[in-house]
Amino acid sequence: MTTDEKLLALREAMKAHKLDAYIIPSSDPHQSEYVADHWKCRAWISGFTGSAGTVVVTLDHAGLWTDSRYFIQAEEQLKGSSMVLHKLNIPHTPEHVQWICENLPEGSNVGCDARLFSVSQVRRLEKRFGEKGLALKSGIDLIDGLWTDRPPLPNKPVFEHDLKYAGEPSSSKMERLRSKMQSNDYYLVTTLDDIAWLLNLRGNDVACNPVFYAFAVLGKEVAFLFTGPGNIDDELKIKLNEDGVIVKTYEEVLPFLQSIESEQKILIDPATTNKQLFDAIPANAVSEGKNLVIPEKAIKNETEIAHIRNVMKKDAVALLRLYRWLEDEVEKRGVPEAELAEKLNGFRAEQENYVGESFDAIVGFKGNGAIVHYKPEYGSCADITNEGMLLLDSGGQYLDGTTDITRTTVFGSPTAEQKKDFTTVLKGYINLDMARFPKGTTGVQLDTLARIDLWKAGLNYGHGTGHGVGFFLNVHEGPQGFSPVPNTPRANTTLEPGMLTSIEPGLYKEGQYGIRIENLVLCKEAGKTEFGEFLEFEAVTLFPIELDLVDADLLSKEEIEWLNKYHEKVYREVAPLLTTEEQAWLKHKCRSL
């Protein structure tokens, strides 16, 4: 079926259910950012495959709302269909809701699948629509009956994440959470990475994310894990039972919630619990609060931090071997961007404990580098030659950590404009990396440090400056980050020692080139004064920054000192793992300015 054929079929279903509009998000029943193929409803209906976006279909209009990271990709993928791209003015905001309110007459009905919306989202929709005389019908799944070749729910093996990596047994984690449950009898955990962290389990149900589809309920004495029947073998089930975890099927979560007695209380997070689960719980048994796992998971323990430092060295070796290979290869032929992504995965696979990519590598040569979340594919991708700028954003999943790094490099001689732009982005990175700030500071307060030099030049970038990173878990992990958008969790979360976060300012000139510099940084204590406790960052990513793109005249003495010290650290930490020839290459890349 073409996109327009799917829209025609959807509109017929809408008429049968007396709906004037239908909302299709990117999520799954666990509010995941990245989902299994079974839950890619928005991609199926629209043809747009980016990770963020919302589709709204009315009887005479079909629109996709997404942010600036995906404008170019969306325009290309929507070509030839009646689906219209609506460009978000502010990322991660529900501008489609305002459009619905302005374009539907009073008395209209808006439908959605309750499994794919959190309780908080449904409440906001009901409030906004109610003010305009619109009604929300949240229990209607129209996609399943139309998607005839829909992939099945994944059901892949789950495995234990060894204590030597996790640093804390699951029994200890559960006891920590129980101490925060207060008078509640149960706590419902719905987010996949939270369940994986809590139980020290990992899976392979979602590409690039070592998680598995499940729900969990933590009781005062025992816990319940609801997951696919083939996910957990007998040996692991016995181990879980010994730890006080009872395994049930994925489908049993609804009857379990329905059976909770009215005098009991189950704590839920309305921001992550889907509406279908919420409706299954007896009203008197519901106790609402914040997610208990996220703040615990965000602060890495000493064992995890030690592994993170080590995994960055291994990742650096893989990247070094890739860039050396590429430098030789482009002198002989054009290298397809997609081939470079495959080659990098191969070099990482040579490293101990490598499991797979932490996301699809973004390999953008020349103008493709300006497409923020560009994924190269054979047949349409560019060839990397010995003249031009290359943006490579990639990461690895290792048993002992998750990596995420972006480097922008150049082949041939860069122009003065390219060097100026790159150096301006670099200044932003250094500004934020060098920040020292009082405890209690939030991401929105620090985000400006990475943009101020760009703003002075009349430049900017349309994405956040950084996100939290999991430990052999999701590469995008809450709650912290650096964002210019106020009143969002990422912007308003205070930075705490032990948090691992990316810093990744950029600049994108459509049709010309993209620039991004990204390291992962660890938040740590920086001392105490009469004015309070202070924190700072330590860059744990270990790979040289492209000096051929740096205009040293634009850097302050302090910035040059930072860059030289960073490169000294990179060489000191990585060189012992290299051959003599590789050491010589790294020495040159880490030369002093």
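This structure is a prediction, so every number in the text was calculated from the model and none was measured. (Residues numbered from 1 in each chain as written. Predicted model: local features only at pLDDT ≥ 70, side-chain atom pairs only at ≥ 80, totals over all residues. Heavy atoms only, no water.)

Enquirer: Got a minute to help me understand the side chain of N291 in this structure?
Expert: Locating N291 in the fold gives a position in the loop between β14 (286–288) and α12 (293–298). On the basis of relative accessibility, which here comes to 10%, the residue N291 falls in the buried class. There is a polar contact of 3.0 Å between the side chain of N291 and the side chain of D194. A polar contact of 2.9 Å, which involves the side chain of N291, links it to the backbone nitrogen of I294. Not counting chain neighbours up to four residues away, the residues in contact with N291 comprise Y187, T191, D194, D269 and T272. (Helix = DSSP H or I, 4+ residues; strand = E, 2+ residues; numbered from the N terminus. Buried < 20%, exposed > 50% of the residue type's maximum accessible area, 1.4 Å probe, protein only. Polar contact = N/O pair within 3.5 Å; in protein donor to acceptor, adjacent residues only side chain to side chain. Contact = heavy atoms within 4.5 Å.)

Enquirer: How do you make sense of the packing of aromatic side chains when you look at a structure like this?
Expert: In this description, an aromatic ring pair is defined by two values, namely the gap between the centres and the angle between the planes. Using the criterion set out here, one finds 15 aromatic pairs in the structure. Both rings, one in F482 and one in F537, keep their centres 5.7 Å apart while their planes meet at 90°; by these two values the pair is edge-to-face. Of this pair, F482 sits in strand β25 (residues 477–482) while F537 sits in strand β30 (residues 532–539), placing them 55 residues apart in sequence. There is no split in this pair, since F482 and F537 are both buried. Members of the aromatic cluster, joined through ring pairs, are Y186, F224, F226 and F256. Lying over the aromatic face of W39, R150 brings its terminal NZ or CZ to 5.3 Å of the ring centre. (Phe/Tyr/Trp six-rings, centres within 6.5 Å; stacked < 30°, edge-to-face > 60°. Lys NZ or Arg CZ within 6 Å of the ring centre and 35° of its normal.)

Enquirer: I'm lost on the pairing of strand β19 (residues 388–394) in this one. Help?
Expert: Walk down a regular strand and you will see the side chains alternate between the two sheet faces. Counting buried positions along β19 yields 7 of 7 residues, so the element is predominantly enclosed. Residue alternation in β19 divides its side chains into two sets, G388, L390, L392 and S394 and M389, L391 and D393, and both sets are buried. Bridging between strand β17 (residues 362–365) and β19 involves 4 bridges; their strand directions are antiparallel. Looking at the pairing, V363 lines up with L392 of β19. Sheet topology places β19 next to strand β22 (residues 405–411); 7 bridges connect them, and they run antiparallel. The residue bridging G388 from the neighbouring strand is F411, located in β22. (Pairing = 2+ DSSP bridges.)

Enquirer: I'm lost on the pairing of strand β1 (residues 21–24) in this one. Help?
Expert: Of the two faces of β1, the one lined by A21 and I23 and the one lined by Y22 and I24 are each fully buried. As defined by bridge partners, β1 adjoins strand β5 (residues 109–111) across 2 bridges and the pair is classed as parallel. Within β5, the position partnered with Y22 by the bridge is G111. Looking at chain direction, β1 and strand β2 (residues 54–58) are connected through 4 bridges and run antiparallel. Residue pairing in the sheet places Y22 in a bridge with V57 of β2.

Enquirer: Got a minute to help me understand the domain arrangement of the protein chain in this structure?
Expert: Many structure descriptions define interface size as the accessible area lost when the parts assemble. The domains assigned to the protein chain are domain 1 (3–137), domain 2 (159–297) and domain 3 (299–590). On a C-alpha basis, the centroid separation for the pair domain 1 and domain 2 is 29 Å. Contacts between the two partners involve 17 residues from domain 1, matched on the other side by 19 residues from domain 2. In terms of surface lost to domain 2, no three residues of domain 1 exceed H30, V119 and R123, which account for 40% of the buried area on that side. Remark: the boundary between domain 1 and domain 2 carries 1 salt bridge. Ionic pairing is found between R123 and E288, a salt bridge with its closest N-O pair at 2.5 Å. For the pair domain 1 and domain 2, the number of links is 13 residue pairs in polar contact (both at pLDDT 80 or more). Of the residues in the side of domain 1 that touches domain 2, the class split is 9 nonpolar, 5 polar and 3 charged. (Domains from an automatic or database assignment. Buried area = accessible area lost by both parts, 1.4 Å probe. Salt bridge = Lys/Arg side-chain N within 4 Å of Asp/Glu carboxyl O. Nonpolar A, V, L, I, M, F, W, Y, C, P; charged D, E, K, R; others polar.)

Enquirer: Any chance you could explain the environment of N386 here in plain terms?
Expert: Its location among the elements puts N386 in the loop between β18 (383–384) and β19. With near-sequence residues (within four places) excluded, N386 lies in contact with V330, E331, F411 and G412.

Enquirer: Explain the packing of helix α13 (residues 302–329) against helix α19 (residues 580–589) here, please?
Expert: How two helices pack is summed up by the angle between their axes together with the distance between the axes. Contact geometry of α13 with α19 gives a least axis separation of 11 Å together with a crossing angle of 90°. For the element pair α13 / α19, the angle class is roughly perpendicular. Of the residues in α19, those in contact with L320, R321, Y323, R324 and E327 of α13 are E581, E582, W585, L586 and K589. Of the residues assigned to the contact of α13 with α19, the class counts are 4 nonpolar, no polar and 6 charged. (Axes fitted to C-alpha atoms, helices over the stretch in contact; angles between N-to-C directions. Parallel < 35°, antiparallel > 145°, perpendicular 65-115°, else oblique.)

Enquirer: What should I look at first to understand the sheet that holds strand β21 (residues 401–402) in this one?
Expert: Neighbouring strands of a sheet are bound in pairs by backbone hydrogen bonds; such pairs are parallel or else antiparallel. The strand order β16-β20-β21 describes an open sheet built from 3 strands, whose pairing is antiparallel. Strands at the two margins of the open sheet, each flanked by one partner only, are β16 (354–357) and β21. Note that β16 and strand β20 (residues 396–398) share 3 bridges and pair antiparallel. Looking at β20, one finds that Y354 is bridged to Y398. This element, helix α14 (residues 337–349), spans β16 and β20 of the sheet and lies at about 165° to β16.

Enquirer: What is the right way to look at helix α1 (residues 3–16) in this model?
Expert: Turn by turn, an α-helix covers 3.6 residues, leaving residues three or four places apart pointing in a common direction. For α1, spanning 14 residues, the distance from its first C-alpha to its last is 20 Å, which sits close to the expected 20 Å at 1.5 Å a residue. Buried within α1 are the following residues: T3, K6, L7, L10, R11, A13 and M14. Seen along its axis, α1 keeps its buried residues to an arc of 160°; they face one direction. More than 90 degrees from the buried face of α1, the exposed residues found are L8 and A16. In the core, the buried residues of α1 are packed alongside β1, α2 (41–46), β2 and β3 (62–66). Just past α1, the residue K18 takes up positive phi, approximately 55°. (Expected span 1.5 Å × (residues − 1). Arc of directions from axis to C-beta.)

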